[in-house]
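Analysis of the macromolecular model
Listed here are the chains, written in short residue letters.
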Amino acid sequence: MKPKDYTEFEATLLASHPTSDWPEGLKALWFDAKGDWEASHDIAQEMHNSLGSWIHAYLHRKEGDRFNAGYWYRQANRPFSKLSLEEELREIVEFVIG
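These notes cover the structure that comes with them.

Criteria and cut-off values
Residues numbered from 1 in each chain as written. Predicted model: local features only at pLDDT ≥ 70, side-chain atom pairs only at ≥ 80, totals over all residues. Heavy atoms only, no water. Salt bridge = Lys/Arg side-chain N within 4 Å of Asp/Glu carboxyl O. Helix = DSSP H or I, 4+ residues; strand = E, 2+ residues; numbered from the N terminus. Buried < 20%, exposed > 50% of the residue type's maximum accessible area, 1.4 Å probe, protein only. Polar contact = N/O pair within 3.5 Å; in protein donor to acceptor, adjacent residues only side chain to side chain. Contact = heavy atoms within 4.5 Å. Axes fitted to C-alpha atoms, helices over the stretch in contact; angles between N-to-C directions. Parallel < 35°, antiparallel > 145°, perpendicular 65-115°, else oblique. Left-handed = near helix turned anticlockwise from the far one by under 90°. Nonpolar A, V, L, I, M, F, W, Y, C, P; charged D, E, K, R; others polar.

Right, let's talk about the pattern of salt bridges for a bit. Counting across every chain of the model gives seven salt bridges. Here Arg-61 makes a salt bridge to Glu-88, at a shortest N to O gap of 2.9 Å. With Arg-61 in helix 4 (residues 50-63) and Glu-88 in helix 6 (residues 85-97), this residue pair connects regions lying 27 residues apart in the sequence. For the pair Arg-61 and Glu-88, one class covers both residues: buried. Within the structure, one salt-bridge network assembled from shared partners comprises Lys-4, Asp-5 and Glu-8.

If you want it as structure tokens, here you go:
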């Protein structure tokens, strides 16, 4: 079951893996929040939709690759984020939780 809010999402970070029935986007964000950029990127890279592009953009911005991040923000039809990385992570998680 998906967390109902960001606080519940953060509480799941104590687990060793995300819940299997979560959507791929939430799993990708969970791995990033746990510090596993590679696992998060692997999932986002296979998501061929605007959410996958947004997560991909965030991950490349976190990596410090502004050029690549810019490409993925454009693919997601979103402006380049001016939020802190922590704020953008929260924004995307809340978007996915809906």
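This next bit is on the side chain of Ser-81. Within the secondary structure layout, Ser-81 lies in the loop between helix 5 (66-75) and helix 6. In terms of polar contacts, Ser-81 uses its side chain to reach the backbone amide nitrogen of Leu-83, at 3.2 Å. What Ser-81 contacts, discounting residues up to four positions off in sequence, is Arg-61, Tyr-73 and Glu-88.

At their nearest, the axes of helix 2 (residues 24-33) and helix 6 sit 10 Å apart, and the two run at 150° to each other. By the angle between their axes, helix 2 is roughly antiparallel relative to helix 6. Along this stretch, helix 2 crosses helix 6, giving a crossing that reads as left-handed. Contacts between helix 2 and helix 6 involve Leu-26, Leu-29, Asp-32 and Ala-33 from the first element and Leu-89, Ile-92, Val-93, Val-96 and Ile-97 from the second. Class assignment of the residues belonging to the contact of helix 2 with helix 6 gives a composition of eight nonpolar, no polar and one charged.

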